[in-house]
Each structure stands twice: as structure tokens, then as C-alpha cells.
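# Structural characterization, general
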Amino acid sequence: MPVLLRGIAAVTAIFTAVIGLQNLKTPFYWHPVCMITGLGGLLSNGVGIAETARTLTGDERRRMLSKHGAVQLTGVMLLLFGFAAVYHSKELSRKEHFTSVHSYCGGTTLCLMLLSLVVGAFGYRSLGLSSCLTESQLQNVKVLHRCVARATLIFGCITAAHGASRLPASWITFSVWSCLMIIAISHIYDVL
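This one's a predicted model, so the numbers in the text were calculated from it and none came from an experiment.

## Here we look at the overall build of the chain
Each helix and strand in the chain was counted, giving six helices and zero strands. Beginning at the N terminus, the succession of helices and strands in the chain can be written as α-α-α-α-α-α. Buried positions account for 36% of the 192 residues belonging to the chain. Taking as baseline every contact in the chain between residues at least 6 positions apart, the subset at least 24 positions apart corresponds to 71%. Here the chain displays about 11,400 Å² of accessible surface, and carbon together with sulfur accounts for 70% of that area.

As C-alpha cells, this is what we get:
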């Protein structure tokens with residue numbers, strides 16, 4: 001993943017968390033904080049780690065893939081917590097679940113993300129799950145993992161866009177400033 005995209009994801013996650021931290025007494029606000037930090041901050045950077053691992057060999061590759069798995073698992077846990085937060089918030093306010101495009105896209109993203117995690121685990125030899133697969137099947141599992149991960153990213157972006165359209169104007173204004181900061185930080189990161 002290009003440095004610019006990783007920078008955008010990480011800085012947007014940080015700024016969103018900062019805004020959300022002001023309102024964490026309300027269960028709903030844990031939802032965008034966890035979702036954007038998980039998807040934008042962790043999962044997207046985990047993809048960058050995996051891409052780096054593909055260029056390595058031996059123990060160095062295994063270490064990077066282990067790091068990829070740990071970052072992805074942490075991101076998944078944040079997303080599950082974010083889902084639980086919005087579910088709990090709707091229960092408290094006695095609102096119906098899954099009534100919008102955002103909620104359906106989010107549910108699809110969550111299912112794809114879990115599928116990607118399971119398929120990725122089968123593709124990681126060190127876990128031992130791949131021992132029941134032939135080399136050809138293992139290569140297909142790795143391709144499937146990357147395809148499902150891409151679909152997860154696409155649905156995650158669609159979900160975030162629909163969610164952002166429902167946020168208060170202060171969040172949207174802050175996101176615009178976040179994007180400008182992201183561009184600046186990304187250029188600095190490229191120089192280093």
C-alpha cells in the first residue's frame with residue numbers, strides 16, 4: 001500500500017479518535033472511533049506490512065507475517081468492539097437494527113473481514129492449519145485471502161462514506177483538516 005494511503009488511514013484514525021474521545025460517555029461514539037481506528041489505522045497498515053513481507057524470505061518474512069497477523073487481529077477486535085458499541089447504543093435507545101445502507105454495508109464488511117481473517121490463518125504455514133492443503137490449494141488460499149481483503153477494504157470505504165454522511169458538521173470539518181494534515185505528513189514520511 002502506498003505510503004500516502006497508509007498515512008491517510010493512520011492520521012484520519014487518530015483525528016477521529018481525538019474527536020470521539022470527547023464524547024465517549026455516550027456508547028454510540030465508541031462506534032466511529034473503533035471502526036475508523038480499526039479499519040483505517042490498523043487493518044490498512046496491516047496490509048502494508050503484508051506487502052512488505054511478500055518481498056522478504058525466511059525468518060524475516062515469518063516475523064513480518066506474524067506482525068501482520070497481530071495487527072490485523074487487533075484491528076478485527078476493535079471493529080467487533082465498534083459493532084458491539086453501536087448495537088448496544090441502538091438497544092439503549094430502542095431503535096431497530098440494520099435499517100440503513102450504512103448498516104448493511106457495515107454488516108457485509110464485518111463478515112468479509114472475518115472471512116479474510118480465517119482464510120488468512122489457513123494461508124499462514126506457522127499456524128499449522130495449512131498442513132491439510134496441497135501446495136496448489138495453499139496458493140489458491142493466499143489469492144482468495146488477498147481478494148477477500150480487497151473486497152473488505154472496498155466495503156469498508158463504502159460503509160465509512162455512508163457513515164460520514166450522517167456525522168455532525170464538526171466531524172466533517174475536522175475530517176477535511178485531517179486530510180490536509182495527512183497529505184503534509186505523508187510528504188514528510190516520504191522524505192524520511
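Having seen the structure, we can now continue with the description.
## Thoughts on the packing of helix α4 (residues 101–123) against helix α5 (residues 135–164)
Running from N to C, α4 and α5 point in directions that differ by 155 degrees, and their axes come no closer than 8 Å. The angle between the axes of α4 and α5 places the two elements in the roughly antiparallel class. Between α4 and α5 the crossing geometry is left-handed. Here the residues of the contact of α4 with α5 are counted per class, giving 15 nonpolar, 13 polar and one charged.

## Things to note about the environment of Y104
Locating Y104 in the fold gives a position in helix α4. C-alpha separation for the pair Y104 and T159, spaced 55 residues apart in sequence, amounts to 8.3 Å. Side-chain polar atoms of Y104 contact the backbone oxygen of F98, separated by 3.0 Å.

## Remarks on the confidence of the model for the chain
With 72% of its residues at a pLDDT of at least 70, the chain reaches an overall mean of 78. Element-level pLDDT for the chain is lowest in helix α6 (residues 169–191), with a mean of 48, against a maximum mean of 92 in α4. A low-confidence stretch, residues 180–192 stays under pLDDT 50, and its non-local contacts, those more than four residues away or across chains, total 16 contacts.

Cut-offs used in this document
Residue numbers restart at each chain and count upward from 1, following the sequence in its written direction. Given that the model is predicted, a residue must reach a pLDDT of at least 70 before its local features are reported, and side-chain atom pairs must reach 80 or more before they are shown or counted; all residues, however, enter totals for whole chains, interfaces and linings. Based on all heavy atoms of the structure, the side-chain values leave hydrogens and waters out of the count. What counts as a helix is a DSSP run of H or I of at least four residues, what counts as a strand is a run of E of at least two, and both are numbered from the N terminus. Working definition: with a 1.4 Å probe on protein chains only, accessible area under 20% of the residue-type maximum means buried, over 50% means exposed, and in between means partly exposed. We call two residues in contact when some of their heavy atoms are within 4.5 Å. Using the Shrake-Rupley algorithm and a 1.4 Å probe, accessible areas are obtained, with residue cover drawn only from the displayed protein chains. To get an axis, a line is fitted to the C-alpha atoms, and for a helix only the part in contact is used. The angle between two axes follows their N-to-C directions and goes from 0 to 180 degrees. Should an angle lie under 35 degrees it is considered roughly parallel, over 145 roughly antiparallel, and from 65 to 115 roughly perpendicular; all remaining angles are considered oblique. In this scheme, a crossing is called left-handed if the near helix is turned counterclockwise away from the far one by less than a right angle; it is called right-handed if the turn is clockwise. Under the scheme applied, nonpolar residues are Ala, Val, Leu, Ile, Met, Phe, Trp, Tyr, Cys and Pro; charged residues are Asp, Glu, Lys and Arg; polar residues are all the others, including Gly. Pairs of N or O atoms are called polar contacts if they sit within 3.5 Å, as long as, within protein, a hydrogen donor faces a hydrogen acceptor (for residues adjacent in sequence, only side-chain-to-side-chain pairs). Residue-level confidence of the predictor is what pLDDT reports, using numbers from 0 through 100.

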